[in-house]
Amino acid sequence: VFGLGTKQNSTDEEAMVRFQNGDTKAFDLLLHRHSTGVLRFIVKMVKVTNSEAEDLLQEVFLKVIEHRKKYDSNQKFTTWLYTLARNHCIDYLRVEKHRHHISLDTSYSNGGESDGPVILEIIRNREKNQEERAMDKEMQVLLDKGIEDLKEEYREVFLLREIEGLSFKEIAEITQVPLSTVKSRLRYAYQNLREVFIKVGYFDEKQRAKEV
Amino acid sequence: MKSKELKRCKKQIMDCERFEELLIDFMEDEIDPSEREVVKKHLVTCPYCSKRLEEYKKIRRIFNGETLPELSSQVLASLSKIAREEVAKDKPLFWKRWFYSPILVPVLSSALALFLWIYYGQKNIEHSPGESILSREVMAKKVPAAKEPALPGVGEKTLEKLESKPGHVLSKPSSVSPPALKEKSRIQEEATSSSGSLSKELVARKGVKESDQFSENEEKSLGKLERPTEEAPTQKEESKKAELYSYQESNKYQKQLDLALKQQREGNCEVSIKTNEELLKASPSPPDSLKEKAYLSLAECYEQKGDWEKAILNYRNLQEVSPDKASFAEHRIQDLRQRLILLKTRESRPADAEEGQKTK
């Protein structure tokens, strides 16, 4: 209502600068644009329930509000945002890992048992269900599981690239590793995910035979 | 034959291993243009690598095809609210937002216009060029008492009297308000006795306000003059209080006039004009002896400033309050009038007018 209003087509960086200058509509715009992406990143990265993921997302955006003055307009906004999101997820994982460590026997045995039936069920279902849509659904569940099982370093690179489409350079900046490392990590991520599908028998067996 | 085929196969696998490293970069389009061409060529000839690329693409497609997680609007709303609250804490930034707002200029300018209209519009009734003489005359006819200070005993005599009997005047500094109240009722009486116009009411209000303010200022100076006493104030004392009060007031006027004259001497014409005008606007009206000096000072200042019309006005006022200086004022008025006429005839040639001014 007051001032210049919030242009819907302004860049993230412009919006963030306006937010720094007190325009809360600009913050709403950024929230609207990136909340889903960040939530998706969180869900895949730390594998929590939806409400827990929402809490984490809220904490990430609270950091955006709190540290708004620290944002440098020369930096891409998504790089900054996902640095906050990624660091927050890693902190969360550290705490979770520590907690799991304490109750090691229960969580490990439970995890191992619950994994098996999922894959078995998919194999069984696949034989019955030949429709493509159902197959995609299956593959999504499988992929989810695959991503969850990826090493943390591979997972974050894969998610940053595929959710937000960040460049390798930006990912290198966020994860603070060399560009070549980002490239190899993404490659490992894809190779591992492909292995998951091959194990279940999705991709052509003949190719696999040739490979061996 | 068999060994040859095996060799070819091995070479192919080695090739593919090399290309395997580039496959993701190729898919993500983060690859050197030269390398891309090489990969492209290889993909045409190698079904193994092209199949693998398709598989990677399929994984990506599945990942991007999944339904996006839904975020409750409650979370978004609460975040938005927090952002607004946080920004509100940042007051300078909030004002900055206003500052950049294009709505600010019209709002401020209209507010300013309204203020000027209210402030000067009302002041004009009492004191403004052009109108002031008329309104003053009208006022003088209607309320003869308002022209002269109604309170008697202005001057040193009163002070001497008061100083000779220090214990009799004011019991406490805070009890200055009774004279102020008295003052208020006096002015109100005057206002109601004659046809009660808005201007008089204004004068009355102003009188009350100023005497109230005055009572606060008085406290310190009064403390030196007299000591508190237990005696109950009689009617006689009341009148003495009024005398002292008017003495104090005239003293205040004298101080203000001195300040104005000092400012004039320092060449601070604008400020001097302000001080003098404030003095003349004060109610009850200052004594003629002070008015005379104030009008003269004002006229000189306006003359210096080049605002001859106002200068003439003040000389006229001077004539009114001081018959001694009437002829001197008349002389000045004639002189300034000539200048004004000269200026108006040469308005189209401002340079000439300036020259004329200089020669004069």
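Just so we're clear, the structure is a prediction, and the values are computed from it rather than from any experiment. (Residues numbered from 1 in each chain as written. Chains lettered and ligands numbered in written order. Predicted model: local features only at pLDDT ≥ 70, side-chain atom pairs only at ≥ 80, totals over all residues. Heavy atoms only, no water.)

So what about the overall build of chain B? Which residues, and what values?
When helices and strands are tallied, chain B shows 17 helices and 0 strands. Expressed as a percentage of the 360 residues in chain B, the buried residues total 39%. Restricting to contacts in chain B with at least 6 residues of sequence separation, those with at least 24 account for 63%. Total accessible area computed for chain B in this model is approximately 22500 Å², and 56% of it derives from carbon and sulfur atoms. (Helix = DSSP H or I, 4+ residues; strand = E, 2+ residues; numbered from the N terminus. Buried < 20%, exposed > 50% of the residue type's maximum accessible area, 1.4 Å probe, protein only. Contact = heavy atoms within 4.5 Å. Areas by Shrake-Rupley, 256 points an atom, 1.4 Å probe, with all protein chains shown as cover.)

Provide a residue-level description of the packing of helix H13 (residues 269–281) of chain B against helix H14 (residues 288–305) of chain B, including the pertinent values.
Residue and element names in this part refer to chain B. Running from amino to carboxyl end, H13 crosses H14 at an angle of 150°, the nearest separation of the two axes being 9 Å. Crossing hand, H13 versus H14: left-handed. Contacts from Cys269, Glu270, Ser272, Ile273, Asn276, Glu277, Leu279 and Leu280 of H13 reach H14 at Lys291, Ala294, Tyr295, Ser297, Leu298, Cys301, Tyr302, Gln304 and Lys305. Class assignment for the residues of the contact of H13 with H14 results in 9 nonpolar, 4 polar and 4 charged. (Axes fitted to C-alpha atoms, helices over the stretch in contact; angles between N-to-C directions. Left-handed = near helix turned anticlockwise from the far one by under 90°. Nonpolar A, V, L, I, M, F, W, Y, C, P; charged D, E, K, R; others polar.)

Account for the interface of chain B and chain A, naming residues and giving values.
At the junction of the two partners, chain B supplies 43 residues and chain A supplies 51 residues. For the pair chain B and chain A, the summed buried surface comes to about 4600 Å²; carbon and sulfur atoms form 63% of the total. It is Ile59(B), Phe63(B) and Leu79(B) in chain B that bury the most area against chain A; as a group they hold 15% of the surface buried on that side. Taken together, the links from chain B to chain A amount to 6 salt bridges. One salt bridge in this structure joins Lys44(A) and Glu66(B), with 2.7 Å as the shortest N-O distance. On the surface where chain B and chain A come into contact, there are 13 residue pairs in polar contact (both at pLDDT 80 or more). Secondary structure elements with two or more residues in the side of chain B that touches chain A: helix H1 (2–27), helix H3 (47–65), helix H4 (73–89) and helix H5 (91–100) of chain B. For the side of chain B that touches chain A, the element with the highest residue contribution is H3(B), accounting for 13 residues. (Buried area = accessible area lost by both parts, 1.4 Å probe. Salt bridge = Lys/Arg side-chain N within 4 Å of Asp/Glu carboxyl O. Polar contact = N/O pair within 3.5 Å; in protein donor to acceptor, adjacent residues only side chain to side chain.)

If you had to explain helix H7 (residues 152–164) of chain A to someone new, which residues and values would you point to?
Residues and elements named next belong to chain A. Here H7 is 13 residues long and its end C-alpha atoms lie 17 Å apart, about the 18 Å a rise of 1.5 Å per residue gives. Among the 13 residues of H7, 11 are classified as buried, and the element is accordingly described as predominantly covered. By the burial criterion, the buried members of H7 are Glu152, Tyr154, Arg155, Glu156, Val157, Phe158, Leu159, Leu160, Arg161, Glu162 and Ile163. In the stretch just after H7, Gly165 is the one whose phi turns positive, near 65°. (Expected span 1.5 Å × (residues − 1).)

Lay out the packing of aromatic side chains in plain terms, naming residues and giving numbers.
One pass over the full model with this rule turns up 13 aromatic pairs over all chains. Their ring planes at 75° and their centres at 6.1 Å tell us that Tyr71(A) and Phe77(A) sit as a pair that is edge-to-face. Both residues of the pair, Tyr71(A) and Phe77(A), count as buried. Arranged with centres 5.2 Å apart and planes meeting at 70°, the rings of Phe158(A) and Phe63(B) form a pair that is edge-to-face. Of this pair, Phe158(A) sits in helix H7 while Phe63(B) sits in helix H3, placing the two residues on different chains. Phe63(B) gets classed as buried once you look at its relative accessible area, which sits at 1%. An aromatic cluster is defined as three or more aromatic residues linked by ring pairs; in this entry it consists of Phe158(A), Tyr190(A), Tyr56(B) and Phe63(B). Against the face of Phe63(B) rests Arg40(A), its NZ or CZ located 4.3 Å from the ring centre. Above the ring of Phe19(A), the side-chain terminus of Arg68(A) is found at 5.6 Å from the ring centroid. (Phe/Tyr/Trp six-rings, centres within 6.5 Å; stacked < 30°, edge-to-face > 60°. Lys NZ or Arg CZ within 6 Å of the ring centre and 35° of its normal.)

Explain the environment of Ile163(A) to me, and be specific about the residues and the numbers.
In this structure, Ile163(A) sits in helix H7. Along the primary structure Ile163(A) and Gly37(A) are separated by 126 residues, whereas in three dimensions their C-alpha atoms are 6.3 Å apart. Those residues in contact with Ile163(A) that sit more than four places away from it in its chain are Gly37(A), Arg40(A), Phe41(A), Tyr82(A) and Phe63(B).

Please provide a residue-by-residue account of a nonpolar patch on the surface, values included.
All names here are of chain B. Nonpolar side chains collect at one region of the surface, where Leu112, Phe115, Leu116, Tyr119 and Tyr120 lie side by side and expose about 510 Å² of accessible area between them. For Phe115, the location among the structural elements is in helix H6 (residues 104–126). Judged by relative accessible area, which is 48%, Phe115 ranks as partly exposed. (Patch = residues over 30% accessible without salt bridge, like charges linked within 9 Å, V, L, I, M, F, W, Y side chains within 5 Å.)

Pulling in residues and values, what's your account of helix H15 (residues 308–321) of chain B?
A turn of α-helix holds 3.6 residues, and therefore any two residues three or four places apart point the same way. Residue and element names in this part refer to chain B. With 14 residues, H15 should reach 20 Å at 1.5 Å per residue; the first-to-last C-alpha distance of 20 Å fits that figure. Counting buried residues along H15, 10 of its 14 residues qualify, which places the element largely inside the surrounding structure. Burial in H15 covers these residues: Trp308, Ala311, Ile312, Leu313, Asn314, Tyr315, Asn317, Leu318, Gln319 and Val321.

Tell me about the packing of H7(A) against helix H9 (residues 179–200) of chain A, and please be specific about residues and values.
Residues and elements named next belong to chain A. For the pair H7 and H9, the least separation of the axes is 8 Å and the interaxial angle reads 95°. For the element pair H7 / H9, the angle class is roughly perpendicular. Across the interface between the two elements, Glu153, Tyr154, Glu156, Val157, Phe158, Arg161 and Glu162 from H7 touch Val182, Arg185, Leu186, Tyr188, Ala189, Tyr190, Asn192 and Leu193 from H9. When its residues are assigned to classes, the contact of H7 with H9 shows 9 nonpolar, 1 polar and 5 charged. (Parallel < 35°, antiparallel > 145°, perpendicular 65-115°, else oblique.)

So, the state of the cysteines: which residues are in play, and what are the values?
Two cysteines, two sulfur atoms, one covalent bond between them: this is a disulfide. Summed over all chains, the structure comprises 0 disulfides over all chains. Not engaged in a disulfide, the cysteine Cys301(B) finds its nearest cysteine sulfur in Cys269(B); these two sulfurs lie 3.4 Å apart. (Disulfide = S-S within 2.5 Å.)

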